[in-house]
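# Summary of the model geometry
Residue-level listing of the chains:
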Amino acid sequence: MNAIDRNVRQATRKLALEGLRVLDFTWGGAGPFATKVLADNGAEVIKIETNTHYDFPRTMGPYAGGIKGVNRSAYFTNRNSGKRSVAINLKKKEAVEALKRLVPTVDIVANNFRAGVLEKLGFGYQQLAAMKPDLIYVSMPLQGSAGPQAEFSGVGHTLNVLAGIYGVTGYEDGTLVGPGTNYPDHSVNPGHALVAIMAALIYRQRTGRGQYIEVSQLESTMTLLGPDILAYSLTRQNPKLMGNTSAIHAPYGVFPAANDEWVAIAVESDEEWKGLCAVALDQPWAADPALANVAGRLAAADRLHEAVRQWTRGQDARKLMYALQAKGVPAGMVQNAKDLVERDEQIAARGAFVTVDHPEMGPVVYNAPPYKLSRTPPEIRSAPLIGQHNDEVMREWAGIDAEEMERLTSLEVFV
């Protein structure tokens, strides 16, 4: 493509990544979240799975209407918006040959399998780059593609343990609780993969050359613990478990409220302390001069936190949140999903959720992109039914005619 053609395409496209095509072998969380962002911004993302071995979030609820089904998981849907699905059995050599006909048309291939899995199927980087020299190939194995543990498999909770996240998310009494989700799947791993992909696209635009990108999910996750790793290298002491408290601020934490609700309060300055005291005028600690500065509050942190807990127990969490915010105190009610979707005014104002029609479930609530692009705003489109786009992709894009499609179907290639 010459410079004039490229500039015309860029001037007329509505989404930032229109014109790019992605062959998506990713499953689970970290990989699908990365390729989802590409799809939300206009790339043609082709998700590869089969009805006999489909992406496992399809088996995870909640399900629309409480009815289980591979096309009814909101969990899967949110991670795979805007993609196309091809159901193809790559254990058959005819399937491998058919899918490889797509390779010259794609810009990016992505996977998060163990090292060597795609190579055995004929879809390793060297194999595909021979067909498409400027290909950008993204591999996201759990612990990299080399070394004694390269073939180990796992999910986000595995990484929480291996990287040390569980070791720093607990309470002072030694109780380890960890985050309530596969945190690496939703943050650093897809984020690092996306940054690398965008850099590779810029590099290819400048040089005409593709790249092989490896994102070791363990190494990516460990970047979350940089200060703790540095501290240990200097002191040989493990991080102190602090629960929700802070080493430099008090009161600081998540406090119980009425009706089994909770509210987060973070007093980070003397001015914010005055704001808290203005809301808690009837509390004796609010008039204690010894607590007027940071040093005094930290010295009495345990006693202060218990006093605040006793005060918040009788408060309505939402009303308390608004009262504290009005006085300049960082505070937030701990909200459930219904609160977030239906009651949070800030989230509503930001358009953090959108409703999109799904071909089987009907209207489905999706997370909107957490960023705004003024000239090419991303667009959330429906996640696919499994195998929904077999004909479109294999006939129109791979160039397989109707007779050959019928033959391959009879060989149970598309299952």
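Residues numbered from 1 in each chain as written. Predicted model: local features only at pLDDT ≥ 70, side-chain atom pairs only at ≥ 80, totals over all residues. Heavy atoms only, no water.

Looking only at helices and strands, one finds 20 helices and eleven strands in the protein chain. Relative to its full complement of 415 residues, the protein chain shows a buried share of 46%. Residue pairs at least 24 apart in sequence account for 66% of intrachain contacts in the protein chain once pairs closer than 6 positions are excluded. Averaging the locations of the 42 positively and 45 negatively charged side chains of the protein chain gives two centres separated by 3 Å. (Helix = DSSP H or I, 4+ residues; strand = E, 2+ residues; numbered from the N terminus. Buried < 20%, exposed > 50% of the residue type's maximum accessible area, 1.4 Å probe, protein only. Contact = heavy atoms within 4.5 Å. Lys, Arg positive; Asp, Glu negative; His and termini not counted. Charge placed at Lys NZ, Arg CZ, Asp CG, Glu CD.)

Relative to strand S8 (residues 262-266), strand S7 (residues 252-256) runs antiparallel, the two sharing five bridges. The residue bridging Pro256 from the neighbouring strand is Trp262, located in S8. From the end of S7 to the start of S8, which pair antiparallel, there are five residues, and Asn259 there has a positive phi angle of about 60 degrees. Two elements, S8 and strand S9 (residues 331-333), share three bridges in a ladder whose sense is antiparallel. Residue pairing across strands places Ala264 opposite Gly332, the latter belonging to S9. (Pairing = 2+ DSSP bridges.)

What follows concerns the packing of aromatic side chains. All told, the structure shown has seven aromatic pairs when counted by the stated rule. With centroids separated by 5.4 Å and ring planes inclined at 50 degrees, the aromatic side chains of Tyr125 and Tyr212 adopt a geometry described as tilted. With Tyr125 in helix H6 (residues 125-129) and Tyr212 in strand S6 (residues 211-214), this pair connects stretches of sequence that are 87 residues apart. Using a relative accessible area of 19% as the deciding quantity, one classes Tyr125 as buried. (Phe/Tyr/Trp six-rings, centres within 6.5 Å; stacked < 30°, edge-to-face > 60°.)

In this sheet, strand S11 (residues 362-367) lies alongside strand S10 (residues 353-358) in antiparallel orientation, the contact comprising six bridges. Its bridge partner being in S11, Asp357 is matched across the sheet by Pro363. Hairpin connection of S10 to S11: three residues between the antiparallel strands.

Now for the pattern of salt bridges. Applying the stated criterion to the full structure yields 19 salt bridges. A salt bridge links Arg58 to Glu49, with the shortest nitrogen-to-oxygen separation between them at 2.8 Å. Glu49 shares its class with Arg58; the two are buried. Its salt-bridge partner being Glu392, residue Arg84 comes within 3.0 Å of it at the nearest N-O pair. Placement of the pair is Arg84 in strand S3 (residues 84-87) and Glu392 in helix H19 (residues 390-397), with a sequence separation of 308 residues. Judged by relative accessible area, which is 19%, Arg84 ranks as buried. Overlapping salt bridges bring together Asp107, Lys132, Asp134 and Arg204 as one network. (Salt bridge = Lys/Arg side-chain N within 4 Å of Asp/Glu carboxyl O.)

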